[in-house]
Amino acid sequence: SGDRLVTLSPRGVVIVWDASSSEALRRMSWHPHRPPFIRVLDDSSFAMLGGDATDIAAVWSLDSGSVVHELRHPLQMMLLEGSACGSAMVTAGGVWDSRVFVWDVRAGRLQREF
């Protein structure tokens, strides 16, 4: 539902909040030694986490609090974005890897590489 907020600490702790009551609904941790990126998909069902010093993006279910998929980008990620429809995410590399990858969030697999 759209009545949740998601925050991320520098140590990798994700907190899902009820926007109406300010209650913390769930706490999740992932790779605490890497400052991660986080994106919540527009349907608010999933969040995507990726560290700027890693090649893995995790897809979290905000409902269950568990990792649904871990997607491996070929090299270090410099970009992590979600689609407006909530079904895809994009990862991209930096200077040494200019490729862009589009992932199916629900299936946990690569859809396309550019």
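Heads up: the structure comes first, above all this text.
In this text, all values refer to a predicted model and were calculated from it rather than measured experimentally.

What counts and what doesn't
- Residues numbered from 1 in each chain as written.
- Predicted model: local features only at pLDDT ≥ 70, side-chain atom pairs only at ≥ 80, totals over all residues.
- Heavy atoms only, no water.
- Buried < 20%, exposed > 50% of the residue type's maximum accessible area, 1.4 Å probe, protein only.
- Helix = DSSP H or I, 4+ residues; strand = E, 2+ residues; numbered from the N terminus.
- Pairing = 2+ DSSP bridges.
- Patch = residues over 30% accessible without salt bridge, like charges linked within 9 Å, V, L, I, M, F, W, Y side chains within 5 Å.
- Areas by Shrake-Rupley, 256 points an atom, 1.4 Å probe, with all protein chains shown as cover.
- Salt bridge = Lys/Arg side-chain N within 4 Å of Asp/Glu carboxyl O.

Engineer: Quick one: what's the story with the pairing of strand β10 (residues 100-104), residue by residue and with numbers?
Structural biologist: The buried count for β10 comes to 4 of 5 residues, which makes it a mostly enclosed element. Across 5 bridges, strand β9 (residues 88-92) lies against β10 in antiparallel orientation. Within β10, the position partnered with V90 by the bridge is V102. Taken together, the 4 bridges between β10 and strand β11 (residues 109-113) define a ladder with antiparallel strand orientation. By the bridge assignment for β11, D104 is matched with R109. The turn joining β10 and β11, which pair antiparallel and follow one another in sequence, is formed by 4 residues; a positive phi near 70 degrees is taken by G108.

Engineer: If you had to explain unusual backbone geometry to someone new, which residues and values would you point to?
Structural biologist: Even without being glycine, S22 reaches a positive phi, approximately 65 degrees. Counting through the fold element by element, S22 comes out in the loop between β2 (13-18) and β3 (24-29).

Engineer: Account for a nonpolar patch on the surface, with residues named and values stated.
Structural biologist: A grouping of L75, V95 and W96 is seen on the molecular surface, where their side chains present a nonpolar patch of about 440 Å² in accessible area. Tracing the sequence through the fold places W96 in the loop between β9 and β10. According to the relative accessible area criterion, W96 is exposed, its value standing at 79%.

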